[in-house]
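Topology and contacts: notes
Residue strings, one per chain:
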Amino acid sequence: MKNEYLEIYHHDSDRTVTHKLNSLELRGWITNLKYVQKELGSLLDICSNEIRSKLKDSDLFVKFDKKKEENARILEILTRYSHSRSSITECDEMECDMAYIKEHEMYRKSYHYHVDKYRMLKEEFFAKMRNKLVG
């Protein structure tokens, strides 16, 4: 979406403000998932054979690899969703608006679930690293 479309003006209706805020939120999700994709690449590099053997846990490498594939899929889905939101301006009925809002809520839940699972996996990795380095 164009930047000027995402600016919130005093005269914007509640409906317009809601759609603009959802679009901004979506943009943030996409930015974050792009970062997560890079970070997962780095974590996979860190989980080289040497580190894997020291941790005695090859499962972490597999988990990071699966999470990277999952992240790429979600990133692709949200990017397509972002492009589809351009037709919001054509909505002139409450039913249409509600469909967009419900769809966005579904993506919000999916995004947060994915990010929470990723954070837990990363914490598992760091805990194992700390235990190995300290213990």
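Structure's up top.
Residues numbered from 1 in each chain as written. Predicted model: local features only at pLDDT ≥ 70, side-chain atom pairs only at ≥ 80, totals over all residues. Heavy atoms only, no water.

Quick look at the overall build of the chain now. A count of helical and extended segments in the chain gives five helices and zero strands. Mapped in sequence order, the helices and strands of the chain form the string α-α-α-α-α. Against the compact-globule benchmark of 14 Å for 135 residues, the chain has a radius of gyration of 20 Å, which places it well outside the compact range. Each of the three principal axes of the chain carries a C-alpha extent, and together these read 60 × 25 × 20 Å. (Helix = DSSP H or I, 4+ residues; strand = E, 2+ residues; numbered from the N terminus. Rg over C-alpha atoms; globule rule 2.2 N^0.38 Å.)

As a further point, take helix α5 (residues 94–134). The terminal C-alpha atoms of α5, which comprises 41 residues, lie 58 Å apart, in line with the 60 Å expected from a rise of 1.5 Å per residue. The set of residues buried in α5 consists of Asp-97, Tyr-100, His-104, Tyr-107, Tyr-111, His-114, Val-115, Tyr-118, Leu-121, Lys-122, Phe-125 and Met-129. (Expected span 1.5 Å × (residues − 1). Buried < 20%, exposed > 50% of the residue type's maximum accessible area, 1.4 Å probe, protein only.)

Scanning the entire structure with this criterion turns up 11 salt bridges. Between Lys-63 and Glu-124 there is a salt bridge; the shortest N-O distance is 3.2 Å. Here Glu-124 lies in helix α5 and Lys-63 lies in helix α4 (residues 59–84), a separation of 61 residues in the sequence. Residue Lys-128 is joined to Glu-124 by a salt bridge in which the shortest nitrogen-to-oxygen separation is 3.4 Å. Of this pair, Lys-128 and Glu-124 both sit in helix α5, four residues apart, roughly one helical turn. (Salt bridge = Lys/Arg side-chain N within 4 Å of Asp/Glu carboxyl O.)

This paragraph deals with α4. Over its 26 residues, α4 runs 37 Å from end to end, which matches the ideal 38 Å to within 8%, given 1.5 Å per residue. Taken residue by residue, α4 has Leu-60, Phe-64, Lys-67, Asn-71, Ile-74, Leu-75, Leu-78, Tyr-81 and Ser-82 as its buried positions.

For the rest of this paragraph, the subject is the packing of helix α2 (residues 14–46) against α4. Axis separation between α2 and α4 bottoms out at 9 Å; the angle between their running directions is 155 degrees. With respect to each other, α2 and α4 are oriented roughly antiparallel. For α2 against α4, the interelement crossing comes out left-handed. Partitioning the contact of α2 with α4 into residue classes produces 15 nonpolar, five polar and four charged. (Axes fitted to C-alpha atoms, helices over the stretch in contact; angles between N-to-C directions. Parallel < 35°, antiparallel > 145°, perpendicular 65-115°, else oblique. Left-handed = near helix turned anticlockwise from the far one by under 90°. Nonpolar A, V, L, I, M, F, W, Y, C, P; charged D, E, K, R; others polar.)

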